[in-house]
Amino acid sequence: MSSDNKLLPKRIILVRHGESEGNLDTGAYTTTPDHKIQLTESGLLQAREAGARLHSLLSSSNPSSPEWRVYFYVSPYDRTRSTLREIGRSFSRRRVIGVREECRIREQDFGNFQVKELMRATKKVRERFGRFFYRFPEGESAADVYDRVSSFLESLWRDIDMNRLHMNPTHDLNFVIVSHGLTSRVFLMKWFKWTVEQFEALNNPGNSEIRVMELGQGGDYSLAIHHTEEELVKWGLSPEMIADQKWRVNAPKGEWKEDCKWYFGDFFDHMADSDQESETEATEEDKLNLLTNSEDNNEEELCNGQCC
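Bear in mind the structure is a predicted one, so any value in this text is a computation, not a measurement.

Novice: Mind laying out helix α3 (residues 78-87), listing which residues take part and the relevant values?
Specialist: Extensive coverage of α3 is indicated by the burial of eight of its 10 residues. Taken together, the buried positions of α3 are occupied by Asp78, Arg79, Thr80, Ser82, Thr83, Leu84, Glu86 and Ile87. Buried residues belonging to α3 abut β1 (11-16), α2 (41-60), β2 (68-74), β3 (96-101) and β4 (172-179).

Novice: Can you lay out the pairing of strand β5 (residues 210-215) for me, pointing to particular residues and giving the numbers?
Specialist: Of all the six residues making up β5, six are buried; the element is thus mostly covered by neighbouring parts of the structure. Judged from the five bridges that link them, β1 and β5 form a sheet pairing that is antiparallel. Bridge assignment links Ile12 to a residue of β5, and that residue is Met213. Pairing of β5 with strand β6 (residues 221-222), which is carried by two bridges, proceeds in the antiparallel orientation. Bridging from a neighbouring strand, Leu215 pairs with Tyr221 of β6. In textbook terms, the turn of a hairpin is the stretch between consecutive antiparallel strands, and for β5 and β6 this stretch comprises five residues, one of which, Gly219, has a positive phi near 110°.

Novice: Please give an account of empty space enclosed by the protein that cites residues and values.
Specialist: Inspection of the entire model under this criterion finds two cavities of 30 Å³ or more. Here the largest cavity is characterised by a volume of approximately 50 Å³. Forming the walls of the largest cavity are Leu7, Asp159, Ile160, Asn163, Arg164, Leu165, Met167, Leu173 and Phe175. Its volume calculated, the second largest cavity comes out at about 30 Å³. Along the walls of the second largest cavity sit Leu14, Ile105, Val149, Ile177, Ser179, Thr183, Ser184 and Phe187, which together make up its complete lining. Going through the elements one at a time, β4 and α6 (181-192) are the ones with two or more residues in the lining of the second largest cavity. Take the lining of the second largest cavity: its biggest share by element is three residues, from α6.

Novice: Explain the environment of Arg120 to me, using residue names and the numbers behind them.
Specialist: Checked against the element boundaries, Arg120 lands in helix α4 (residues 116-129). Assessed through its relative accessible area of 45%, Arg120 is described here as partly exposed. Considering only alpha carbons, one finds Arg120 and Thr26, 94 residues apart in sequence, at a separation of 9.5 Å.

Novice: A description of the pattern of salt bridges should follow, citing residues and the corresponding values.
Specialist: Enumeration over the complete set of coordinates arrives at 20 salt bridges. A salt bridge links Arg69 to Glu67, with the nearest nitrogen and oxygen atoms 3.1 Å apart. In this structure Glu67 comes out as partly exposed when scored by relative accessible area, which is 29%. One salt bridge connects Arg135 with Asp144, and the closest N-O pair in it is separated by 2.8 Å. Exposure remark for Arg135: the relative accessible area of 49% places this residue in the partly exposed category.

Basis of the calculations
Residues numbered from 1 in each chain as written. Predicted model: local features only at pLDDT ≥ 70, side-chain atom pairs only at ≥ 80, totals over all residues. Heavy atoms only, no water. Buried < 20%, exposed > 50% of the residue type's maximum accessible area, 1.4 Å probe, protein only. Helix = DSSP H or I, 4+ residues; strand = E, 2+ residues; numbered from the N terminus. Contact = heavy atoms within 4.5 Å. Pairing = 2+ DSSP bridges. 1 Å grid on protein atoms, 1.4 Å probe; cavity = no way out; pocket = protein on both sides within 12 Å on 5 of 7 lines; lining within 4 Å. Points joined across faces, edges and corners; volume = space filled by probe spheres on them. Salt bridge = Lys/Arg side-chain N within 4 Å of Asp/Glu carboxyl O.

Next up, the structure:
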């Protein structure tokens, strides 16, 4: 790996909170504010198991470099804070650089207290309207979440560029973001420049599920280093998206994959391969237009001469 990548996080890991009371019974939202929804006993156990999996991943992936560290970002909701608290049981103090509560990675705002029957009907309307752009009454759309996640990513990169974490370059740095299902999907959408159509095909991660973006040899991040193709298919990634993830494993830092379908094909499907071909096509089109205009003019003259 090049020296330019030394201070980049080795991994950026997204973790959804454990099972919550709202996951079991949506009626909980009618009396409890969303940010106060608690984990169930099963959710607490899921979070502890996620911590064990994370520790195993970070400690066993590179035995030749045992000096790794982790920095946590967490949504301010009670269920994500509790998830992080249980995850932390698997880590010693020397491994954790720090933790930051980050409001911009909170859950999508669905409104205030949620009436169960009304919310069920509202979500049906969202399916017809489109999951990304539909804004809940008194709440947010996924597009709104995208905007604040974009702002969070700018801050994250400033932390890295300015070395605010005072990272020792000989240590593997890992970011763990403990957040919510939709927020995690929006994060990946923003990072990998996925389209709205691609986002709407994605499946929500399970409770305490871990999704790992790992730094490749060329300096780009990919989901295909830690995860199998079968996992990516299960998440809802298309064949083109999976091919892009595989390409990123060894892609040089900053390089653009121009043959990805969603970069050009959806907009420029009739584009010529060269300037010469483009000029030839334009000339032929001009000739066709001139011929058509000439025929129209002749027809108009005949009509004016009352021959029509």
